[in-house]
Amino acid sequence: SVFLQEIGARQELKPQDKAGAAEKLAYFERKHEKELSKANAGNKAPGAVILSNYAIDDYLTCPYKYKLIHLLKLPIREQPNIVYGQAIHKVASEYYRLRSEGKSTDTEALKEIFTGMWKPSGFISREHEKRRYEHGLDVISRFMRAEEKNTRLPLFIEKSFEFKLDTN
C-alpha cells in the first residue's frame, strides 16, 4: 500500500489463507484456555463452557468476534435489526411465559413491553426508527390475533444448556 510506504513500513504484508472450521477450532482451543477459565470461573461444573445461541452464532461467524464479545466483554454498537429483534423476542417470550402460567395478557400490555425494550440507537434517521417501531407494533397485533387461535404452547421459552469440551 502506498500509505504504508508513506509511514516507513518496509515489510511486505501477505494476505493469510482463510482457515477452515477445524483450524479455527484448533486455534481457539490452543490460544484461549486462560480466557475460557476466566469466563467460566463461576460455573458449577469445572471445565464446562456455558454458551448461548448468540455465543455459538458469534463463534461460527468469527471466533475473534466471540472472544471480543463473550470473553473480553467488549461492548458492541447496537444495530437497528438487533434492537428490533430483541424487543420482539421479549414480547413473544413474555406472552408464552404468561400463557404457560395460565395467565392472560392483551395486545396493549405486549406493546408496552415492546416500548420498554425499544432503544433509539443505530437507526439511519428518526423516520427510519419511527417506521421500524410502528412495524413492530403492527407485528405484535398480528401475533396476538394468530396466537389467540393457537392452542399449542412451546415446550421451552428459554432453555439453557451446557456441555464440556474435551481437554485432550
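Residues numbered from 1 in each chain as written. Predicted model: local features only at pLDDT ≥ 70, side-chain atom pairs only at ≥ 80, totals over all residues. Heavy atoms only, no water.

Overview of the nonpolar core
How we decide: To define a nonpolar core, start from buried Ala, Val, Leu, Ile, Met, Phe, Trp, Tyr and Cys residues and group those joined through side-chain atoms within 4.5 Å. Using a 1.4 Å probe on the protein chains alone, a residue whose accessible area is under 20% of its type maximum counts as buried, one over 50% counts as exposed, and one in between counts as partly exposed. Secondary structure is summarised from DSSP: a helix means a run of H or I of at least four residues, a strand means a run of E of at least two, and numbering begins at the N terminus for each. Should any heavy atoms of two residues lie within 4.5 Å, those residues are considered in contact.
Counting 14 residues, the largest nonpolar core has Val91, Tyr95, Leu110, Phe114, Trp118 and Ile140 as the members making the most contacts within it. Contributions of two or more residues to this core are made by helix 6 (80–100), helix 7 (107–117) and helix 8 (126–149). With six residues, the top contributor of residues to this core is helix 6. Once residues within four sequence positions are removed from consideration, valine 91 is found in contact with Leu110, Ile113, Phe114 and Ile140.

Overview of the packing of helix 6 against helix 8
Using the following cut-off: Axis lines are fitted to C-alpha atoms, over the contacting stretch for helices. Their N-to-C directions set the angle, which ranges from 0 to 180 degrees. With respect to orientation, any angle under 35 degrees is reported as roughly parallel, any angle over 145 as roughly antiparallel, any angle of 65 to 115 as roughly perpendicular, and every other angle as oblique. Here a crossing is called left-handed whenever its near helix is offset anticlockwise from the far helix by less than a right angle, and right-handed whenever the offset is clockwise. When residue character is reported, Ala, Val, Leu, Ile, Met, Phe, Trp, Tyr, Cys and Pro are called nonpolar, Asp, Glu, Lys and Arg charged, and the others, Gly included, polar.
Where helix 6 contacts helix 8, the two axes come as close as 11 Å, and the packing angle between them is 25°. Regarding the angle of helix 6 to helix 8, the classification is roughly parallel. Between helix 6 and helix 8 lies a crossing whose hand is right-handed. Touching Pro80, Tyr84, Ile88, Val91, Ala92, Tyr95, Tyr96 and Arg99 of helix 6 are His128, Arg132, His135, Gly136, Val139, Ile140, Phe143, Met144, Glu147 and Glu148, all from helix 8. For the contact of helix 6 with helix 8, the per-class residue count stands at eleven nonpolar, three polar and four charged.

Focus on the environment of lysine 67
Among the structural elements, lysine 67 can be located in helix 5 (residues 63–71). When the C-alpha positions of lysine 67 and alanine 55 are compared, they lie 9.5 Å apart, and in sequence the two are twelve residues distant.

Structural notes on unusual backbone geometry
For residues other than glycine, phi is negative in most cases, and the peptide bonds are mostly trans. Not every positive phi belongs to a glycine, and lysine 73 is a case in point at roughly 60°. Residue position: lysine 73 is located in the loop between helix 5 and helix 6. Taking relative accessible area as the criterion, lysine 73 reaches 58% and is therefore assigned exposed.

Thoughts on the pattern of salt bridges
Charged atoms that come close allow side chains of opposite charge to pair. Note the cut-off: For salt bridges, the criterion is a side-chain nitrogen of Lys or Arg within 4 Å of an Asp or Glu carboxyl oxygen.
Following the criterion strictly, the structure yields seven salt bridges and no others. A salt bridge links lysine 65 to aspartate 58, with the nearest nitrogen and oxygen atoms 3.2 Å apart. Classification of lysine 65 as partly exposed rests on a relative accessible area of 32%. The class of aspartate 58 is buried, set by a relative accessible area of 9%. Linking glutamate 147 and arginine 99 is a salt bridge whose minimum nitrogen-to-oxygen distance equals 3.8 Å. Residue glutamate 147 is located in helix 8, and its partner arginine 99 is located in helix 6; the two are separated by 48 residues in the primary sequence. Under the relative-accessibility criterion, glutamate 147 is labelled buried at 11%.

Some details on the confidence of the model for the chain
So the rule is basically this: The predictor attaches a confidence to each residue, called pLDDT, with possible values from 0 through 100.
Here the chain averages 79 in pLDDT, while 65% of its residues score no lower than 70. No element of the chain has a lower mean pLDDT than helix 3 (residues 33–39), which averages 55, and none a higher one than helix 7, which averages 95.

Some details on helix 8
To be explicit about the condition: Expected helix span is computed as 1.5 Å times (number of residues minus one).
Here helix 8 is 24 residues long and its end C-alpha atoms lie 36 Å apart, about the 34 Å a rise of 1.5 Å per residue gives. Restricting attention to buried positions, one finds in helix 8 the residues His128, Glu129, Gly136, Leu137, Ile140, Ser141, Phe143, Met144 and Glu147. Packing partners of the buried residues in helix 8 comprise helix 6 and helix 7.

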